[in-house]
Amino acid sequence: MMDRTYSDSLTPEMEGTTVTIAGWVHEIRGLGKLRFLLIRDGRGIVQVTLPKKFVSEETFAASKEVSKESVVRVRGTVQREDRAPNGIEILPENIEVISLAVTPLPLDPTGKVNANLDTRLDHRVIDLRRAPVAAIFKARAAALKAGREYLEEQGFSAIKTPRIISTASEGGTELFPLAYFDREAFLAQSPQLYKQMLMATGLDRVYELATYFRAEEHDTVSHLNEVSAIDCEMSFIDSESDVMDIVEGLTISMIEGVRKNCQPQLETLGVEIEKPKTPFPRLEYRDVIDMLLSEEELKVPFGEDMNTEAEKALGRIMQRRGYKHYFITKYPLEIKPFYTMPDSGDPTLSNSFDLEFMGREIVSGSQRIHDHALLTERIVSKDLDPDGFGAYLEAFRYGIPPHGGFGMGIERFLMLLLNLPNIRETVLFPRDRHRLEP
Ligand code: AMO
(Lines give C-alpha, C1' and ligand atoms only; values in the text may rest on other atoms or scores of the structure.)
Protein backbone atom coordinates (compact mmCIF):
# COMPACT_ATOMS: atom_id res chain seq x y z
CA MET A 1 0.00 0.00 0.00
CA MET A 2 1.07 3.57 -0.62
CA ASP A 3 2.48 5.36 2.39
CA ARG A 4 -0.07 8.05 3.26
CA THR A 5 -1.53 9.83 6.26
CA TYR A 6 -5.28 10.49 6.24
CA SER A 7 -6.53 14.01 6.81
CA ASP A 8 -8.35 13.06 10.02
CA SER A 9 -5.05 11.95 11.64
CA LEU A 10 -3.30 15.28 11.07
CA THR A 11 -3.15 17.52 14.16
CA PRO A 12 -1.37 20.81 15.04
CA GLU A 13 0.79 18.79 17.46
CA MET A 14 2.45 17.21 14.41
CA GLU A 15 4.00 20.56 13.44
CA GLY A 16 7.41 20.08 11.87
CA THR A 17 6.95 16.44 10.89
CA THR A 18 7.09 15.26 7.30
CA VAL A 19 4.00 13.44 6.00
CA THR A 20 2.61 12.18 2.72
CA ILE A 21 -1.02 12.79 1.89
CA ALA A 22 -2.93 11.54 -1.14
CA GLY A 23 -6.33 12.29 -2.61
CA TRP A 24 -8.33 14.44 -5.01
CA VAL A 25 -7.72 18.12 -5.70
CA HIS A 26 -10.88 19.61 -4.24
CA GLU A 27 -10.10 23.28 -4.84
CA ILE A 28 -7.29 25.31 -6.32
CA ARG A 29 -6.85 28.86 -5.13
CA GLY A 30 -4.18 30.98 -6.73
CA LEU A 31 -3.12 34.37 -5.54
CA GLY A 32 -0.05 34.97 -7.73
CA LYS A 33 2.85 34.13 -5.48
CA LEU A 34 0.76 32.22 -2.96
CA ARG A 35 -1.21 29.19 -4.09
CA PHE A 36 -3.41 26.75 -2.17
CA LEU A 37 -4.47 23.23 -3.07
CA LEU A 38 -7.21 21.64 -0.99
CA ILE A 39 -6.80 17.87 -1.03
CA ARG A 40 -9.81 15.66 -0.23
CA ASP A 41 -9.12 12.08 0.82
CA GLY A 42 -12.49 10.55 1.68
CA ARG A 43 -12.14 11.42 5.37
CA GLY A 44 -11.70 15.17 5.13
CA ILE A 45 -9.76 17.98 3.51
CA VAL A 46 -6.14 19.11 3.94
CA GLN A 47 -4.78 22.46 2.85
CA VAL A 48 -1.49 22.46 0.93
CA THR A 49 0.04 25.94 0.95
CA LEU A 50 2.59 26.99 -1.68
CA PRO A 51 4.38 30.29 -1.06
CA LYS A 52 6.43 30.67 -4.29
CA LYS A 53 9.51 31.78 -2.31
CA PHE A 54 9.63 28.69 -0.10
CA VAL A 55 8.82 25.80 -2.44
CA SER A 56 10.82 24.43 -5.34
CA GLU A 57 10.12 25.64 -8.86
CA GLU A 58 8.91 22.17 -9.96
CA THR A 59 6.52 21.91 -7.04
CA PHE A 60 5.08 25.35 -7.72
CA ALA A 61 4.76 24.47 -11.43
CA ALA A 62 2.99 21.19 -10.58
CA SER A 63 0.42 23.11 -8.53
CA LYS A 64 -0.28 25.27 -11.59
CA GLU A 65 -0.62 22.39 -14.04
CA VAL A 66 -2.86 20.17 -11.97
CA SER A 67 -6.62 20.34 -12.61
CA LYS A 68 -9.45 20.04 -10.08
CA GLU A 69 -10.31 16.44 -9.10
CA SER A 70 -6.94 15.07 -10.25
CA VAL A 71 -5.44 12.47 -7.91
CA VAL A 72 -2.21 13.65 -6.33
CA ARG A 73 0.29 12.64 -3.69
CA VAL A 74 1.91 15.39 -1.68
CA ARG A 75 4.92 15.07 0.59
CA GLY A 76 5.59 17.97 2.89
CA THR A 77 5.92 19.44 6.34
CA VAL A 78 3.02 19.95 8.74
CA GLN A 79 2.53 23.54 9.95
CA ARG A 80 -0.01 25.00 12.35
CA GLU A 81 -2.58 27.15 10.61
CA ASP A 82 -5.71 28.06 12.54
CA ARG A 83 -7.61 29.12 9.43
CA ALA A 84 -7.16 25.75 7.66
CA PRO A 85 -9.15 22.51 8.18
CA ASN A 86 -7.93 20.60 11.29
CA GLY A 87 -5.79 23.64 12.19
CA ILE A 88 -2.91 22.54 9.95
CA GLU A 89 -1.48 23.06 6.49
CA ILE A 90 1.21 21.24 4.53
CA LEU A 91 4.21 23.01 3.06
CA PRO A 92 5.05 20.71 0.13
CA GLU A 93 8.42 19.35 -0.92
CA ASN A 94 6.95 17.40 -3.76
CA ILE A 95 3.62 17.13 -5.61
CA GLU A 96 3.13 14.02 -7.71
CA VAL A 97 0.19 14.08 -10.13
CA ILE A 98 -0.95 10.44 -10.23
CA SER A 99 -4.03 10.85 -12.44
CA LEU A 100 -4.88 14.10 -14.21
CA ALA A 101 -8.62 14.88 -14.36
CA VAL A 102 -10.05 16.09 -17.66
CA THR A 103 -11.72 19.51 -17.69
CA PRO A 104 -14.46 20.67 -17.63
CA LEU A 105 -15.96 18.35 -15.00
CA PRO A 106 -19.49 17.08 -15.76
CA LEU A 107 -20.49 17.91 -12.19
CA ASP A 108 -19.13 20.10 -9.42
CA PRO A 109 -18.03 17.78 -6.58
CA THR A 110 -17.77 20.69 -4.14
CA GLY A 111 -21.55 21.05 -4.38
CA LYS A 112 -21.31 24.81 -4.92
CA VAL A 113 -23.03 24.49 -8.27
CA ASN A 114 -26.33 22.64 -7.89
CA ALA A 115 -27.17 19.85 -10.30
CA ASN A 116 -30.48 18.04 -10.70
CA LEU A 117 -30.77 14.42 -9.58
CA ASP A 118 -30.72 13.02 -13.11
CA THR A 119 -27.44 14.75 -13.96
CA ARG A 120 -26.01 13.62 -10.63
CA LEU A 121 -27.02 10.01 -11.27
CA ASP A 122 -25.64 10.15 -14.82
CA HIS A 123 -22.24 11.06 -13.35
CA ARG A 124 -22.66 9.12 -10.11
CA VAL A 125 -18.95 8.45 -9.52
CA ILE A 126 -18.26 12.18 -9.34
CA ASP A 127 -21.48 12.75 -7.37
CA LEU A 128 -20.36 10.17 -4.77
CA ARG A 129 -17.31 12.31 -4.03
CA ARG A 130 -19.58 14.87 -2.34
CA ALA A 131 -19.68 14.59 1.44
CA PRO A 132 -23.51 14.65 1.82
CA VAL A 133 -23.85 11.91 -0.80
CA ALA A 134 -21.10 9.74 0.69
CA ALA A 135 -22.75 10.26 4.11
CA ILE A 136 -25.91 8.45 2.92
CA PHE A 137 -23.91 5.33 2.13
CA LYS A 138 -22.04 5.40 5.43
CA ALA A 139 -25.45 5.55 7.14
CA ARG A 140 -26.75 2.75 4.94
CA ALA A 141 -23.81 0.52 5.88
CA ALA A 142 -24.22 1.35 9.59
CA ALA A 143 -27.96 0.58 9.49
CA LEU A 144 -27.38 -2.77 7.79
CA LYS A 145 -24.56 -3.71 10.16
CA ALA A 146 -26.76 -2.97 13.18
CA GLY A 147 -29.66 -4.85 11.58
CA ARG A 148 -27.55 -7.94 10.91
CA GLU A 149 -26.13 -7.87 14.44
CA TYR A 150 -29.62 -7.64 15.94
CA LEU A 151 -30.91 -10.55 13.87
CA GLU A 152 -27.87 -12.72 14.65
CA GLU A 153 -28.36 -11.99 18.36
CA GLN A 154 -31.98 -13.09 17.99
CA GLY A 155 -30.84 -16.43 16.54
CA PHE A 156 -31.43 -15.74 12.83
CA SER A 157 -29.06 -17.38 10.31
CA ALA A 158 -28.12 -15.72 7.05
CA ILE A 159 -29.39 -17.50 3.94
CA LYS A 160 -29.20 -17.03 0.19
CA THR A 161 -32.07 -18.04 -2.07
CA PRO A 162 -32.18 -18.07 -5.90
CA ARG A 163 -32.50 -14.83 -7.82
CA ILE A 164 -33.57 -16.73 -10.93
CA ILE A 165 -36.97 -18.29 -10.40
CA SER A 166 -39.78 -20.01 -12.27
CA THR A 167 -42.88 -18.80 -10.38
CA ALA A 168 -44.26 -15.49 -9.12
CA SER A 169 -44.78 -15.03 -5.39
CA GLU A 170 -46.17 -11.51 -5.11
CA GLY A 171 -48.71 -11.45 -7.98
CA GLY A 172 -47.97 -12.18 -11.63
CA THR A 173 -47.80 -8.69 -13.11
CA GLU A 174 -44.51 -7.49 -11.70
CA LEU A 175 -42.02 -10.02 -13.05
CA PHE A 176 -39.05 -9.41 -15.33
CA PRO A 177 -38.92 -12.34 -17.77
CA LEU A 178 -35.56 -13.86 -18.56
CA ALA A 179 -34.36 -16.27 -21.27
CA TYR A 180 -33.09 -19.28 -19.32
CA PHE A 181 -31.63 -21.58 -21.97
CA ASP A 182 -34.71 -23.03 -23.69
CA ARG A 183 -37.15 -22.03 -20.95
CA GLU A 184 -38.67 -18.88 -19.58
CA ALA A 185 -37.58 -17.81 -16.14
CA PHE A 186 -37.93 -14.63 -14.08
CA LEU A 187 -35.89 -12.41 -11.84
CA ALA A 188 -37.05 -13.01 -8.25
CA GLN A 189 -39.59 -10.58 -6.82
CA SER A 190 -38.69 -11.74 -3.31
CA PRO A 191 -37.31 -14.81 -1.48
CA GLN A 192 -40.84 -15.48 -0.21
CA LEU A 193 -41.43 -19.08 -1.34
CA TYR A 194 -37.91 -20.25 -0.51
CA LYS A 195 -37.74 -18.71 2.95
CA GLN A 196 -41.07 -20.37 3.77
CA MET A 197 -39.86 -23.74 2.43
CA LEU A 198 -36.89 -23.51 4.83
CA MET A 199 -39.34 -23.43 7.73
CA ALA A 200 -39.97 -27.11 6.97
CA THR A 201 -36.30 -27.97 7.56
CA GLY A 202 -35.57 -27.08 11.18
CA LEU A 203 -33.76 -23.84 10.27
CA ASP A 204 -36.11 -22.00 12.60
CA ARG A 205 -35.07 -18.39 12.01
CA VAL A 206 -33.57 -17.15 8.75
CA TYR A 207 -32.78 -13.80 7.18
CA GLU A 208 -31.57 -12.72 3.80
CA LEU A 209 -30.19 -9.43 2.54
CA ALA A 210 -32.30 -9.83 -0.54
CA THR A 211 -32.78 -8.10 -3.86
CA TYR A 212 -36.32 -7.73 -5.21
CA PHE A 213 -36.75 -7.22 -8.94
CA ARG A 214 -40.10 -5.58 -9.61
CA ALA A 215 -41.27 -4.75 -13.11
CA GLU A 216 -43.65 -2.09 -11.85
CA GLU A 217 -44.11 0.86 -14.15
CA HIS A 218 -44.26 3.25 -11.20
CA ASP A 219 -42.41 6.47 -11.66
CA THR A 220 -42.55 7.88 -8.14
CA VAL A 221 -40.07 9.18 -5.56
CA SER A 222 -40.54 6.03 -3.45
CA HIS A 223 -40.41 3.15 -5.97
CA LEU A 224 -37.47 1.35 -7.54
CA ASN A 225 -37.33 -1.60 -9.92
CA GLU A 226 -34.39 -3.15 -8.08
CA VAL A 227 -34.95 -3.04 -4.33
CA SER A 228 -32.79 -4.19 -1.39
CA ALA A 229 -34.60 -5.78 1.51
CA ILE A 230 -34.06 -7.54 4.79
CA ASP A 231 -36.22 -10.63 4.51
CA CYS A 232 -36.91 -12.76 7.58
CA GLU A 233 -38.87 -15.91 8.30
CA MET A 234 -39.36 -17.58 11.70
CA SER A 235 -41.18 -20.72 12.82
CA PHE A 236 -43.07 -22.04 15.84
CA ILE A 237 -44.74 -18.65 16.28
CA ASP A 238 -48.00 -18.21 18.18
CA SER A 239 -49.16 -15.41 15.90
CA GLU A 240 -47.99 -12.53 13.69
CA SER A 241 -47.43 -10.59 16.90
CA ASP A 242 -44.18 -12.56 17.46
CA VAL A 243 -43.00 -11.40 14.05
CA MET A 244 -43.92 -7.78 14.80
CA ASP A 245 -41.76 -7.94 17.94
CA ILE A 246 -38.75 -8.76 15.72
CA VAL A 247 -39.66 -6.03 13.21
CA GLU A 248 -39.80 -3.49 16.03
CA GLY A 249 -36.49 -4.64 17.53
CA LEU A 250 -34.82 -4.62 14.13
CA THR A 251 -36.08 -1.14 13.25
CA ILE A 252 -34.95 0.31 16.59
CA SER A 253 -31.51 -1.33 16.26
CA MET A 254 -31.00 0.04 12.76
CA ILE A 255 -31.99 3.56 13.81
CA GLU A 256 -29.71 3.36 16.84
CA GLY A 257 -26.87 2.03 14.67
CA VAL A 258 -27.05 5.18 12.55
CA ARG A 259 -27.56 7.52 15.52
CA LYS A 260 -24.56 6.12 17.40
CA ASN A 261 -22.09 5.62 14.58
CA CYS A 262 -22.88 8.32 12.04
CA GLN A 263 -23.06 11.63 13.93
CA PRO A 264 -20.59 13.42 11.58
CA GLN A 265 -22.53 12.12 8.56
CA LEU A 266 -25.86 13.20 10.06
CA GLU A 267 -24.40 16.66 10.65
CA THR A 268 -23.21 16.80 7.04
CA LEU A 269 -26.73 15.87 5.95
CA GLY A 270 -28.31 18.33 8.39
CA VAL A 271 -30.44 15.56 9.89
CA GLU A 272 -31.27 14.97 13.52
CA ILE A 273 -32.59 11.53 14.39
CA GLU A 274 -34.67 11.15 17.52
CA LYS A 275 -34.94 7.95 19.52
CA PRO A 276 -38.12 6.27 18.26
CA LYS A 277 -41.12 6.37 20.58
CA THR A 278 -41.90 2.83 21.69
CA PRO A 279 -43.67 0.49 21.78
CA PHE A 280 -44.81 1.03 18.20
CA PRO A 281 -48.62 1.23 18.26
CA ARG A 282 -50.42 -1.69 16.58
CA LEU A 283 -53.50 -0.31 14.86
CA GLU A 284 -56.08 -2.57 13.27
CA TYR A 285 -56.94 -1.73 9.66
CA ARG A 286 -60.61 -1.42 10.63
CA ASP A 287 -59.79 1.18 13.29
CA VAL A 288 -57.46 3.04 10.94
CA ILE A 289 -60.34 3.49 8.51
CA ASP A 290 -62.46 4.98 11.31
CA MET A 291 -59.61 7.26 12.44
CA LEU A 292 -59.09 8.56 8.91
CA LEU A 293 -62.76 9.44 8.59
CA SER A 294 -63.14 11.05 11.98
CA GLU A 295 -59.80 12.86 12.22
CA GLU A 296 -58.92 13.64 8.59
CA GLU A 297 -62.33 13.39 6.86
CA LEU A 298 -60.88 10.83 4.49
CA LYS A 299 -62.98 7.88 3.38
CA VAL A 300 -61.23 4.61 2.56
CA PRO A 301 -63.85 1.99 1.59
CA PHE A 302 -63.46 -1.14 3.74
CA GLY A 303 -61.60 -3.77 1.71
CA GLU A 304 -59.41 -1.34 -0.22
CA ASP A 305 -55.69 -1.08 0.31
CA MET A 306 -54.33 2.11 1.87
CA ASN A 307 -53.50 4.57 -0.90
CA THR A 308 -50.75 7.17 -0.63
CA GLU A 309 -53.16 9.87 0.52
CA ALA A 310 -54.57 7.65 3.28
CA GLU A 311 -51.08 6.61 4.41
CA LYS A 312 -49.99 10.25 4.61
CA ALA A 313 -53.14 11.25 6.52
CA LEU A 314 -52.52 8.46 9.03
CA GLY A 315 -48.91 9.66 9.26
CA ARG A 316 -50.22 13.09 10.33
CA ILE A 317 -52.58 11.58 12.91
CA MET A 318 -49.81 9.50 14.44
CA GLN A 319 -47.32 12.38 14.34
CA ARG A 320 -49.83 14.39 16.44
CA ARG A 321 -49.64 11.53 18.96
CA GLY A 322 -45.85 11.62 18.90
CA TYR A 323 -45.27 8.45 16.83
CA LYS A 324 -43.22 8.12 13.67
CA HIS A 325 -43.48 4.32 13.60
CA TYR A 326 -46.65 2.25 13.91
CA PHE A 327 -48.09 -1.00 12.60
CA ILE A 328 -51.29 -1.44 10.64
CA THR A 329 -52.58 -4.95 11.31
CA LYS A 330 -55.41 -7.27 10.28
CA TYR A 331 -55.78 -6.22 6.64
CA PRO A 332 -58.65 -7.70 4.63
CA LEU A 333 -57.54 -11.13 3.39
CA GLU A 334 -58.41 -10.40 -0.22
CA ILE A 335 -55.80 -7.64 -0.63
CA LYS A 336 -52.98 -9.76 0.75
CA PRO A 337 -50.93 -12.44 -1.08
CA PHE A 338 -52.14 -16.06 -1.18
CA TYR A 339 -49.72 -17.24 1.52
CA THR A 340 -51.23 -14.94 4.19
CA MET A 341 -52.99 -16.65 7.12
CA PRO A 342 -56.70 -15.78 7.50
CA ASP A 343 -57.71 -14.43 10.91
CA SER A 344 -59.26 -17.23 13.00
CA GLY A 345 -61.99 -14.93 14.41
CA ASP A 346 -62.99 -13.27 11.13
CA PRO A 347 -61.79 -15.12 7.99
CA THR A 348 -62.34 -12.03 5.82
CA LEU A 349 -59.39 -10.51 7.70
CA SER A 350 -55.79 -11.72 7.79
CA ASN A 351 -52.92 -12.12 10.24
CA SER A 352 -50.95 -9.51 8.35
CA PHE A 353 -49.24 -6.21 9.13
CA ASP A 354 -47.31 -3.34 7.63
CA LEU A 355 -44.88 -1.15 9.53
CA GLU A 356 -45.34 2.49 8.59
CA PHE A 357 -42.68 5.18 9.01
CA MET A 358 -44.15 8.70 8.91
CA GLY A 359 -46.92 7.84 6.47
CA ARG A 360 -45.07 5.34 4.29
CA GLU A 361 -44.88 1.55 4.38
CA ILE A 362 -41.39 0.24 5.02
CA VAL A 363 -42.16 -3.35 6.08
CA SER A 364 -44.81 -5.83 5.17
CA GLY A 365 -45.29 -9.22 6.79
CA SER A 366 -47.68 -11.82 8.12
CA GLN A 367 -48.30 -15.17 9.67
CA ARG A 368 -48.38 -17.67 6.78
CA ILE A 369 -50.75 -20.49 6.01
CA HIS A 370 -49.08 -23.78 6.94
CA ASP A 371 -51.96 -26.07 5.99
CA HIS A 372 -51.46 -27.64 2.54
CA ALA A 373 -55.16 -27.82 1.64
CA LEU A 374 -55.91 -24.22 2.64
CA LEU A 375 -52.80 -22.95 0.85
CA THR A 376 -53.81 -24.74 -2.35
CA GLU A 377 -57.29 -23.29 -2.04
CA ARG A 378 -55.89 -19.76 -1.63
CA ILE A 379 -53.61 -20.19 -4.67
CA VAL A 380 -56.63 -21.24 -6.75
CA SER A 381 -58.74 -18.37 -5.40
CA LYS A 382 -56.10 -15.93 -6.74
CA ASP A 383 -56.50 -17.53 -10.22
CA LEU A 384 -53.06 -19.10 -9.97
CA ASP A 385 -52.24 -22.67 -10.99
CA PRO A 386 -51.11 -24.91 -8.08
CA ASP A 387 -49.07 -26.96 -10.59
CA GLY A 388 -46.74 -23.97 -10.91
CA PHE A 389 -45.99 -24.24 -7.17
CA GLY A 390 -44.86 -27.92 -7.08
CA ALA A 391 -41.78 -27.81 -4.81
CA TYR A 392 -43.23 -25.01 -2.66
CA LEU A 393 -46.45 -26.92 -2.00
CA GLU A 394 -44.54 -30.15 -1.39
CA ALA A 395 -42.84 -28.49 1.60
CA PHE A 396 -46.29 -28.27 3.23
CA ARG A 397 -47.06 -31.99 2.86
CA TYR A 398 -44.44 -33.52 5.12
CA GLY A 399 -44.65 -31.49 8.32
CA ILE A 400 -44.21 -27.73 8.61
CA PRO A 401 -44.60 -25.63 11.78
CA PRO A 402 -46.64 -22.40 12.12
CA HIS A 403 -44.47 -19.60 10.77
CA GLY A 404 -44.38 -16.00 9.67
CA GLY A 405 -42.02 -13.37 8.40
CA PHE A 406 -41.54 -10.02 6.76
CA GLY A 407 -39.63 -7.96 4.23
CA MET A 408 -38.20 -4.54 5.04
CA GLY A 409 -37.37 -2.22 2.14
CA ILE A 410 -33.94 -0.83 2.97
CA GLU A 411 -34.16 2.12 0.58
CA ARG A 412 -37.58 3.21 1.89
CA PHE A 413 -36.26 2.96 5.45
CA LEU A 414 -33.21 5.11 4.67
CA MET A 415 -35.11 7.65 2.64
CA LEU A 416 -37.43 8.29 5.59
CA LEU A 417 -34.74 8.09 8.25
CA LEU A 418 -32.49 10.59 6.49
CA ASN A 419 -35.38 12.74 5.30
CA LEU A 420 -34.36 12.44 1.64
CA PRO A 421 -36.70 13.70 -1.07
CA ASN A 422 -36.15 10.77 -3.44
CA ILE A 423 -35.51 7.04 -2.88
CA ARG A 424 -32.91 7.08 -5.67
CA GLU A 425 -30.59 9.04 -3.34
CA THR A 426 -30.19 5.89 -1.21
CA VAL A 427 -28.91 3.62 -4.01
CA LEU A 428 -25.42 3.82 -5.51
CA PHE A 429 -26.63 3.02 -9.02
CA PRO A 430 -30.44 3.01 -8.97
CA ARG A 431 -32.62 1.10 -11.41
CA ASP A 432 -35.92 2.69 -12.28
CA ARG A 433 -38.33 2.66 -15.19
CA HIS A 434 -36.02 4.88 -17.24
CA ARG A 435 -32.59 4.21 -15.82
CA LEU A 436 -30.35 1.30 -16.76
CA GLU A 437 -27.08 3.26 -16.78
CA PRO A 438 -24.68 3.69 -15.08
P1 AMO B 1 -43.77 -6.27 -0.18
O2 AMO B 1 -44.05 -6.51 -1.62
O3 AMO B 1 -44.75 -5.43 0.56
O4 AMO B 1 -43.72 -7.66 0.62
O5 AMO B 1 -42.33 -5.65 0.00
C6 AMO B 1 -41.74 -5.47 1.27
C7 AMO B 1 -41.12 -4.08 1.38
O8 AMO B 1 -40.20 -3.87 0.32
C9 AMO B 1 -40.22 -2.51 -0.08
N10 AMO B 1 -40.60 -2.42 -1.51
C11 AMO B 1 -40.19 -1.46 -2.34
N12 AMO B 1 -39.38 -0.39 -2.17
C13 AMO B 1 -39.13 0.41 -3.22
N14 AMO B 1 -39.64 0.20 -4.47
C15 AMO B 1 -40.47 -0.86 -4.70
N16 AMO B 1 -40.94 -1.07 -5.94
C17 AMO B 1 -40.77 -1.75 -3.61
N18 AMO B 1 -41.50 -2.88 -3.49
C19 AMO B 1 -41.38 -3.27 -2.20
C20 AMO B 1 -41.23 -1.80 0.79
C21 AMO B 1 -42.12 -2.95 1.25
O22 AMO B 1 -42.74 -2.67 2.48
N23 AMO B 1 -42.87 -11.18 0.48
C24 AMO B 1 -43.35 -9.98 1.11
C25 AMO B 1 -42.72 -9.76 2.46
C26 AMO B 1 -43.09 -10.79 3.48
O27 AMO B 1 -44.29 -10.93 3.75
O28 AMO B 1 -42.19 -11.49 3.99
C29 AMO B 1 -43.08 -8.79 0.21
O30 AMO B 1 -42.32 -8.84 -0.72
O31 AMO B 1 -40.55 -1.22 1.88
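See the structure printed just above.
First, a word on scope: everything that follows refers to the structure included in this document. (Residues numbered from 1 in each chain as written. Predicted model: local features only at pLDDT ≥ 70, side-chain atom pairs only at ≥ 80, totals over all residues. Heavy atoms only, no water.)

Before going further, it helps to examine the pairing of strand β4 (residues 71–80). Sheet analysis places strand β1 (residues 18–31) next to β4, joined by 7 bridges and oriented antiparallel. Among the inter-strand pairings, Trp24 is bridged to a residue of β4, identified as Val71. The sheet contact formed by β4 and strand β5 (residues 88–99) spans 10 bridges and is antiparallel. Looking across to β5, one finds that Arg75 is bridged to Asn94. (Pairing = 2+ DSSP bridges. Helix = DSSP H or I, 4+ residues; strand = E, 2+ residues; numbered from the N terminus.)

Attention now moves to the sheet that holds strand β10 (residues 205–213). Strand order in this open sheet of 8 strands is β6-β10-β11-β16-β15-β14-β13-β12, and the pairing throughout is mixed. At either end of the open sheet lies a strand with only one pairing partner, and these are β6 (157–158) and β12 (282–284). Strand direction decides the pairing type here: β10 and strand β11 (residues 226–235), joined by 9 bridges, are antiparallel. Looking at the pairing, Glu208 lines up with Asp231 of β11. This element, helix α9 (residues 308–320), spans β12, β13 (325–329), β14 (352–357) and β15 (360–367) of the sheet and lies at about 125° to β13. The sheet strands contacting helix α12 (residues 410–417) are β11, β14, β15 and β16 (403–409), and the helix crosses β15 at an angle near 140°. (Contact = heavy atoms within 4.5 Å. Axes fitted to C-alpha atoms, helices over the stretch in contact; angles between N-to-C directions.)

With 23 residues, helix α4 (residues 131–153) should reach 33 Å at 1.5 Å per residue; the first-to-last C-alpha distance of 33 Å fits that figure. Among the residues trailing α4, Gly155 stands out with phi positive, at a value near 85°. (Expected span 1.5 Å × (residues − 1).)

Across the sheet, which stays open at both edges, the 3 strands sit in the order β7-β9-β8 with antiparallel pairing between neighbours. Looking at strand neighbours, the two that pair on one side only are β7 (164–165) and β8 (177–180), the edges of this open sheet. By the bridge criterion, 4 bridges tie β8 to strand β9 (residues 183–187) in an arrangement that is antiparallel. Its bridge partner being in β9, Ala179 is matched across the sheet by Glu184.

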